[in-house]
Number of protein chains: 2
Amino acid sequence: MKSYLDCIPCFFEQALRAGRIATNDEQLLKQLMDELGAKLQKISLDSTPPETGRLIYRMVKEITGNSDPYRELKHKSTREALALYPALQRTIKKANDSLLTAIRIAIAGNIIDFGVSATFDINTTIKESLLRDFAIFDYSIFKDNLKKAEHILYIGDNAGETVFDRLLIEQLNKPVTYVVREVPVINDATTEDAIMAGIDKVAKIVSSGSDAPGTIPAICSDGFRKMLDRAEFVIAKGQGNYEGLSNEKRSIFFLLVAKCRIIANDLGVSSGDIVLKGINV
Amino acid sequence: MKSYLDCIPCFFEQALRAGRIATNDEQLLKQLMDELGAKLQKISLDSTPPETGRLIYRMVKEITGNSDPYRELKHKSTREALALYPALQRTIKKANDSLLTAIRIAIAGNIIDFGVSATFDINTTIKESLLRDFAIFDYSIFKDNLKKAEHILYIGDNAGETVFDRLLIEQLNKPVTYVVREVPVINDATTEDAIMAGIDKVAKIVSSGSDAPGTIPAICSDGFRKMLDRAEFVIAKGQGNYEGLSNEKRSIFFLLVAKCRIIANDLGVSSGDIVLKGINV
């Protein structure tokens, strides 16, 4: 997905939000705004939002000297999600359609995103996600393709959400490779976060080789790109991965909450809608 | 009022909103964003938001070549407000406290502001304003000072809102000088807009000599500054005038809706609250 003009004010909001997690120094935060402003003319609307996100979070790290401002928040999200894990596992087990319920819960987990908003309520979101209609619902083709696949590539998004991904992986009944970011960026899951969520018990964890808050193949490692090319069945979670992968030529299933108006427009849905969308399927 | 870090993303939103009124050319709009970005390091947080607003709307004019993008919208707002004028005049006449009702209506008119939001519903706002509590209510000192004054300086804000100001001016029962912006900036009222609203029937119209979307004495004309120094009783409408005048040493009564969180915080009220606040009174 390309960037839109409306993403520009939002880039400054994102930078300010991340900067404030890293420091209280108003002068450093103003410097962050100024440097982002100065770089704006080099940010093309043809680039995807996570490319700019990558630039922003690199600037936050450089200016504040804090290389992982979201570390504590990520750990907290993961602990809170792990506390919900046993009850959600029972909910899935008891459901008429356990796979669909696990998908709904994995999408609800996508609300854990400090990149988009500082506040959310995961319990309310889960309850809503179990009941609400999908705005895009490519579930039958998802099931068909899943049946044929011998291996799944599952591209994760945020820490904490990883616990909900684990619940879905348990329902896929296939070997899964779970993809995380190479280094910390916002609250996106790294290997450390995936292990803390217990993903290592249900999948093989690999890094995309990238520090962008989304999966942009061109800036991922060769190893990951080959993996993506060869994968039989790909699940990509969240907005950042949608933004980075929505123009790929291969089949991908996106599971996400459309958290911003711009992505909702791009998908042809409303803000807040839940989406199970397959491309090239 | 100084600027806050949170004003920065909002400056880009304002520029984009005004730019879009002036042009559909995405390249020009991107240029506008880029140029604002490049200027950001020269924008001090010690400056007031309308100083930056002035810079933004000058850039919009230069880049798009449109010197008055809001002209049609201003005329439309004024026509719509004039259509409400007779009924609102009757409401005020019938009220137990006609002055207070006129103040409430004048504040409701402050919701007409394309600088802050592109959408609003003036009818709903008026009904709400007639019933709701003030978050700051310096009404008795307002009445006391009004009684003593022989002349009123009334600093207007937006076109359309001018019609509601006219209703309040009719209740003041004193000679009034009504202050407008020197040239078009956003949807702020100029002499043309004030005349279209019939202000010339109830007050003498003068210009502040400024093209900022708010009254910043340092960049107003000498004539206006003298008028402000000598005025017995000053009413200033809206956020832009509050931002520009809140640190003045003289007595001023501000009538406004706190439309943004930052100004609400500065005033110690909640976003959406209505305010009748006197300073140095």
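Residues numbered from 1 in each chain as written. Chains lettered and ligands numbered in written order. Predicted model: local features only at pLDDT ≥ 70, side-chain atom pairs only at ≥ 80, totals over all residues.

1. Some remarks on the confidence of the model for chain A
So the rule is basically this: For every residue, the pLDDT score states the predictor's confidence, bounded by 0 at the bottom and 100 at the top.
Per-residue pLDDT for chain A has a mean of 94; in total, 97% of the residues score no lower than 70. The ipTM for the predicted assembly is 0.89, set against a pTM of 0.90.

2. What about the relation of the copies chain A and chain B?
This is how it is decided: Superposing copies: least-squares fit, C-alpha atoms only, residues required to have pLDDT of at least 70 in both. We call two residues in contact when their backbone-placed C-beta atoms lie within 7 Å.
When chain A is fitted to chain B, the best match, at an RMSD of 0.0 Å, comes from turning it 180° and sliding it 0.0 Å along the axis. On this basis, the relationship between the two copies can be described by a two-fold rotation axis. Residues of chain A ranked by C-alpha distance from the rotation axis are headed by Gly37(A), positioned 1.8 Å from it. Most of the interface of chain A is mirrored in chain B, where 100% of its interface residues again form contacts.

3. As for unusual backbone geometry
Heads up, the rule is: Each helix corresponds to a stretch of at least 4 residues labelled H or I by DSSP, and each strand to a stretch of at least 2 residues labelled E; elements are numbered beginning at the N terminus. Residues with at least 20 other C-beta atoms within 10 Å of their own are called buried, those with 12 or fewer are called exposed, and the rest are partly exposed. The C-beta atoms themselves are positioned from the backbone.
Positioned with a positive phi, Asn173(A) is a non-glycine residue whose angle comes to about 55°. Summarising the element assignment, Asn173(A) is placed in the loop between helix H8 (161-172) and strand S3 (176-180). With 10 C-beta atoms counted inside 10 Å, the residue Asn173(A) sits in the exposed group. The backbone of Asn280(B) shows a phi angle near 55°, a positive value even though the residue is not glycine. Residue placement: Asn280(B) occurs in the segment after strand S7 (274-279). For Asn280(B), a count of 8 C-beta atoms within 10 Å gives the class exposed.

4. Side note on the interface of chain A and chain B
Rules: Just so you know the grouping, Ala, Val, Leu, Ile, Met, Phe, Trp, Tyr, Cys and Pro go in nonpolar, Asp, Glu, Lys and Arg go in charged, and all remaining residues, Gly too, go in polar.
In this assembly, 17 residues from chain A lie in contact with 17 residues from chain B. Among the secondary structure elements, those contributing two or more residues to the side of chain A that touches chain B are helix H1 (7-22) and helix H2 (26-39) of chain A. Tallied by class, the residues present in the side of chain A that touches chain B amount to ten nonpolar, two polar and five charged.

5. Some thoughts on the sheet that holds strand S3 (residues 176-180) of chain B
Residue and element names in this part refer to chain B. Under the convention used in this document: Two strands qualify as a pair provided that DSSP identifies no fewer than 2 bridges between them. Structural elements are reduced to axes, namely lines fitted to C-alpha atoms, with helices fitted over the stretch in contact, and the angle between N-to-C directions of any two is expressed from 0 to 180 degrees.
Strand order in the open sheet made by the seven strands is S1-S7-S6-S5-S2-S3-S4, with mixed pairing throughout. The open sheet has two edge strands, strand S1 (134-137) and strand S4 (204-207), and neither has a second partner. Strand-to-strand twist across the sheet, computed as the mean angle between neighbouring axes with direction ignored, equals 20°. In this structure, strand S2 (residues 152-155) lies alongside S3, joined through four bridges in parallel fashion.

6. Description of the sheet that holds strand S5 (residues 233-237) of chain A
Whenever strands of a sheet pair, they do so through backbone hydrogen bonds, lying parallel or antiparallel. Residue and element names in this part refer to chain A. Strands sit in the order S1-S7-S6-S5-S2-S3-S4 across an open sheet of seven strands; the sheet is mixed. Two strands bound the open sheet, and with one partner strand each, they are strand S1 (134-137) and strand S4 (204-207). The average angle at which neighbouring strand axes cross in this sheet is 20°, direction not considered. Of the pairings in the sheet, the one linking strand S6 (residues 252-257) to strand S7 (residues 274-279) comprises six bridges and is antiparallel in character. Within the sheet, the bridge partner assigned to Phe 253 lies in S7 and is Gly 278.

7. Here's the deal with the pairing of S2(B)
All names here are of chain B. Selection criterion: Here a crossover is taken to be right-handed if, once the strands point away from the viewer, the path from the first strand over the helix to the second is traced clockwise.
Judged by which residues are buried, S2 turns out to be covered on both faces: Ile 152 and Tyr 154 on one side and Leu 153 and Ile 155 on the other are all buried. In terms of handedness, the path from S2 via helix H8 (residues 161-172) over to S3 forms a crossover that is right-handed. Bridge analysis of S2 against strand S5 (residues 233-237) gives four bridges, and the strand direction is parallel. Looking across to S5, one finds that Ile 152 is bridged to Phe 233.

8. Let's talk about the domain arrangement of chain A
Residues and elements named next belong to chain A. To keep it simple, the criterion reads: What fixes the domain bounds is an automatic or database domain assignment.
Annotation of chain A at the domain level lists domain 1 (7-64) and domain 2 (71-279). A separation of 25 Å is found between the C-alpha centroids of domain 1 and domain 2. The interface is formed by eleven residues belonging to domain 1 together with 13 residues belonging to domain 2. Elements represented by at least two residues in the side of domain 1 that touches domain 2 include exactly H1 and helix H3 (49-64). The element best represented in the side of domain 1 that touches domain 2 is H3, accounting for six residues.

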